[in-house]
Structure formats: structure tokens, C-alpha cells
Amino acid sequence: MATLFRRGTVRIVGAGKISQLKYLPFLAERFLLENLHVLDSDKSLASRVSTAVLNGGTGPKNGAELPDCPPLLLILNHAHADALDEHLTDGARVLIEKPVAWSTADAQRMFESASAAQAGVYPAFMRRHDSVTAALKQHLLTHAPPRRVAIRQFAGRARSSHSDIKPDRQARTQIKQELAARWQARLTHLSPLGAKALRLLLELLIHDIDLVLHLFGGPLELVHLALGETEGTLHMAIELTAADGLPIHIDCMPMFSAPWNWDHTIDTYFADHRVSVAFSNPFHNENTGQVQVYVDQCTNLPIADGLDPFSHMLGHFLDGACTGADWTHQQTDCLAGLDFVHQCEAELVAQGHGA
């Protein structure tokens, strides 16, 4: 069977781990390699990544062509607003990795800037595209509303061997200094513990906030927030309500001491049964997640396929980009998620975690 591919210019801003591991291999199978352009503040890194990840593959040279795509821009670096300002072109379709911005106001400005250029912005939250998420959402559509939800995310990260093309030492130092300065400007009003908590919200727990909006709807209202530490690792517990006052509990802690482990679950409690979702490590190439229904005994719900969530998300982005899909709903959820982060931020200050 012939490989299907599209013509069109694709610019990828950011040549780091997630770009090497997930984005570039996916795109290299679906676009002519000469149309893929890797951009990074470290031009040497961009060149080395292009050589290793793109030029190392053959690309779909002899495949069957699909309709052309409009110009695509994928923003994967840490300076999302700056990258959008620098690289946005009229009519482009833009994917921005989570979080789109570190505040609602900045995200709103970015959406408005893109809209003025007749461009569409797709906030990239890969967990809402996971096959197990789709199975749970389908179950929710065919049953009475749940009574409560418990989410646990003790997250790891990819093995370094999966993507080991790094900037040289001088460039890495400069990147770390620039990122630290950006975070310092954002977190200056918080204590060291409050700053760690807000970073955890924006870098990791934002996935669960987006899942709540996608699965259960808003508005989201904070009820309680508690911080703790386990062996020097920050642990956050949040109580909130979603649409119709649905109570939701979230536990979140980064488990970087065991980078290949991933403990991410959603337990949804109905009147007469419980549905348990277990996500797999998203950096693996296969999806081994499960959805189980507990009544008198455990039954596995069918999962559509074994694709990893990044593949599903990028497939949806490409399909939407080429058909002119309206991404207003995803942008609205993105803003609602950042609004909830601001609620948590205010609570941190109220609890004495201000500077």
C-alpha cells in the first residue's frame, strides 16, 4: 500500500527532546523531507537534529499525494509568544505545545494575534487525544452522570536514550539561563515553595485540568489546595468542582527518580459502577493503557487502537489544518484551564506562599 503524504511547508520551532522523539518522526512520514524546516535558537542543534531525524529517513517519496496543506507552524520551544510573533504568517495553521502561555492574558493575546492574521491556533494537549480518553468519553455519553472523580498523576519522563541530541555545553547553559530568567519574572511574587507549585501546575498538572474540561466540562471552581513534599519532591492535592458541581480530586507529583515509570489514572465513580482509566507512558511508541469497568467483576472496555496519544493529536491537527477546522472550542478550554491555574495561584498566596 502506498504511503499517503501531503505537500506544504512545515516549520518546527524547537529541536529539543519532544520534537526529536514525537513530532519530527511523525511529520517525516507524512511530508516531503525538503518541506520540513527545523528552527531553534541553537542553529547547530537544529542542523544536527535535522540531519539525524529527518535526513536519516527516506520520507514518503513514492507515496500517494493527499490534498496540499496550508503553511504549518509547530511551536515546541519554551518561548511560545516570541516564536509566534516571529514566525506567524498569514493563513498559517499553528500548533502550540502546552501550556500555550503562562497566563490567561498572554494566551488570549496570542489567539487574537493569530486571528488577525487569519491563522488558526491548535492548543496541543495530547492526553485528550489518547485512545483510553476516547473510551471513557464514550462511556460518559451513554451513562448517567458520575458522582465523583479521582485523578492521580505521578509522572515520569522519557529515557534519555530516546533522544540524546543535545545542545553543546555553552548553548545549554545559555538556554537554561534564559528559561530561568523567564520563570523568575513570572514567579517573583511567590515564595520558593509557591513558585515550585505554580510551575507544577503549568508544566504537568495542566494536563489533568485539560482532561477535566474535555471529559466533564466547566466551569472549574477550586475548593481546596494542599501542598506536601515526599523525599524532596513536591506533591499537590487539589479538590475542585466541574460542570454541575461534579466533585473532582487530583493528586499530582513528578516521579523523576524513576523516569521510565508512569502512574496516571482516572477513577470515575457512578451510582452502580466505577470506570478506571490507566494511561501508559506517552513517550513510548505503543499505547498500553487500559479502561476497566468495575461492577461485580472487572471488565475491560475496548480501545480503538494502540497508537500513542501524540500520534492521535498530530493526526487530528493535520486533518483539521487541511480541512479548515474551527479550533475555537480547544482555545476556550485552554483559557478556562489557565483561569483555573490563576485560582490556584491566588490560593497559594492566600495560604502564605507569597514572596
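Above this text is the structure in question.
From a predicted model like this one, the values you see are computed outputs, not experimental measurements. (Residues numbered from 1 in each chain as written. Predicted model: local features only at pLDDT ≥ 70, side-chain atom pairs only at ≥ 80, totals over all residues. Heavy atoms only, no water.)

1. Side note on the state of the cysteines
Reasoning step 1: For the coordinates displayed, the defined rule picks out 1 disulfide.
Reasoning step 2: The disulfide bridge from C69 ends at C322, spanning 2.1 Å between sulfur atoms. Of this pair, C69 sits in the loop between β4 (64-65) and β5 (72-75) while C322 sits in helix α8 (residues 309-323), and the two are 253 residues apart along the sequence.
Reasoning step 3: You can call C69 buried: its relative accessible area is 10%.
Reasoning step 4: We classify C322 as partly exposed; its relative accessible area is 21%.
Reasoning step 5: No disulfide involves C334; its sulfur sits 15 Å from that of C344, the nearest cysteine. (Disulfide = S-S within 2.5 Å. Helix = DSSP H or I, 4+ residues; strand = E, 2+ residues; numbered from the N terminus. Buried < 20%, exposed > 50% of the residue type's maximum accessible area, 1.4 Å probe, protein only.)

2. Some thoughts on the side chain of E97
Reasoning step 1: By secondary structure assignment, the location of E97 is in strand β6 (residues 93-97).
Reasoning step 2: Although E97 is buried, it makes no salt bridge; K98 carries the closest opposite charge, 5.5 Å away.
Reasoning step 3: In contact with E97, not counting residues within four places along its chain, are I18, Y23, I75, L76, H80, A124 and F310. (Lys, Arg positive; Asp, Glu negative; His and termini not counted. Salt bridge = Lys/Arg side-chain N within 4 Å of Asp/Glu carboxyl O. Contact = heavy atoms within 4.5 Å.)

3. A look at the sheet that holds strand β13 (residues 274-279)
Reasoning step 1: Read from one edge of the open sheet, 8 strands run β9-β10-β11-β8-β12-β13-β14-β15, paired in mixed fashion. Looking at which strands have only one partner, the edges of the open sheet turn out to be β9 (221-230) and β15 (298-300). Sheet twist, expressed as the average angle between the axes of neighbouring strands with direction ignored, equals 15 degrees.
Reasoning step 2: With 7 bridges joining them, strand β8 (residues 148-155) and strand β12 (residues 263-269) adopt antiparallel strand pairing. Residue pairing in the sheet places A150 in a bridge with D267 of β12.
Reasoning step 3: Packing of helix α9 (residues 328-353) onto the sheet brings it into contact with β9 and β10 (233-241), and relative to β9 it is tilted by some 60 degrees. (Pairing = 2+ DSSP bridges. Axes fitted to C-alpha atoms, helices over the stretch in contact; angles between N-to-C directions.)

4. Details of the layout of surface pockets
Reasoning step 1: When its volume is computed, the second largest pocket comes out at roughly 180 Å³.
Reasoning step 2: Every residue along the wall of the second largest pocket is listed here: L140, H143, A144, P145, P146, L215, F216, A243, D244 and L246.
Reasoning step 3: Along the lines of polarity and charge, the residues of the lining of the second largest pocket split into 8 nonpolar, 1 polar and 1 charged. (1 Å grid on protein atoms, 1.4 Å probe; cavity = no way out; pocket = protein on both sides within 12 Å on 5 of 7 lines; lining within 4 Å. Points joined across faces, edges and corners; volume = space filled by probe spheres on them. Nonpolar A, V, L, I, M, F, W, Y, C, P; charged D, E, K, R; others polar.)

5. With respect to the pairing of strand β7 (residues 120-124)
Reasoning step 1: The element β7 is extensively covered by neighbouring structure, given that 5 of its 5 residues are classed as buried.
Reasoning step 2: Along β7, one buried face is formed by G120, Y122 and A124 and the opposite face, lined by V121 and P123, is buried too.
Reasoning step 3: When β6 meets β7, the two strands line up parallel, connected through 5 bridges. The residue bridging L95 from the neighbouring strand is Y122, located in β7.
Reasoning step 4: Handedness of the crossover joining β6 and β7 through helix α4 (residues 104-116) is recorded here as right-handed. (Right-handed = clockwise from strand over helix to strand, strands pointing away.)

6. Topic: the environment of A355
Reasoning step 1: Topologically, A355 is positioned in the segment after α9.
Reasoning step 2: Taking C-alpha positions, A355 is 27 Å from T173, a pair spaced 182 residues apart along the chain.
Reasoning step 3: Residue contacts for A355: discarding those within four places in its chain leaves T188, H189, L190 and S191.

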